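# Tertiary structure, described
Spelled out, the chains give:
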Amino acid sequence: MSKAKIYYFTLQDEQTKEEKLEWFEQTRLEQIPFEHVTPDRKQNWVNLTDNDFDDFLPLI
């Protein structure tokens, strides 16, 4: 069994709901410029961050 591949696309946050719906109405699936995303070591794949939380000292 092969691993799943994740492809992601987002519209601009500044767009209104109507603008986004219009874009989806006019755009074919094949035309959407999806980006292949590889999850990080904690399996995060949306809004990937580059942080150093694992290096912090535990307080409790």
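Everything quoted here is computed from the prediction, not taken from an experiment.

### Observations regarding the side chain of threonine 27
Inspection of the secondary structure assignment puts threonine 27 in the loop between α1 (17-26) and β2 (35-37). Side-chain polar atoms of threonine 27 contact the backbone oxygen of tryptophan 23, separated by 2.7 Å.

### Some points on the layout of surface pockets
Here the second largest pocket defines a volume of roughly 160 Å³. Surrounding the second largest pocket, Lys3, Ala4, Lys5, Ile6, His36, Val37, Thr38, Pro39 and Gln43 form its lining. Broken down by class, the residue content of the lining of the second largest pocket amounts to four nonpolar, three polar and two charged.

### What to know about a negative patch on the surface
On the surface, a cluster of negative charge is contributed by Glu18, Glu19, Glu22 and Glu25. Looking at where glutamate 18 falls in the secondary structure, it is placed in helix α1. With a relative accessible area of 54%, glutamate 18 lands in the exposed category.

The rules behind these values
Residues numbered from 1 in each chain as written. Predicted model: local features only at pLDDT ≥ 70, side-chain atom pairs only at ≥ 80, totals over all residues. Heavy atoms only, no water. Helix = DSSP H or I, 4+ residues; strand = E, 2+ residues; numbered from the N terminus. Polar contact = N/O pair within 3.5 Å; in protein donor to acceptor, adjacent residues only side chain to side chain. 1 Å grid on protein atoms, 1.4 Å probe; cavity = no way out; pocket = protein on both sides within 12 Å on 5 of 7 lines; lining within 4 Å. Points joined across faces, edges and corners; volume = space filled by probe spheres on them. Nonpolar A, V, L, I, M, F, W, Y, C, P; charged D, E, K, R; others polar. Patch = residues over 30% accessible without salt bridge, like charges linked within 9 Å, V, L, I, M, F, W, Y side chains within 5 Å. Areas by Shrake-Rupley, 256 points an atom, 1.4 Å probe, with all protein chains shown as cover. Salt bridge = Lys/Arg side-chain N within 4 Å of Asp/Glu carboxyl O. Lys, Arg positive; Asp, Glu negative; His and termini not counted. Charge placed at Lys NZ, Arg CZ, Asp CG, Glu CD. Buried < 20%, exposed > 50% of the residue type's maximum accessible area, 1.4 Å probe, protein only.

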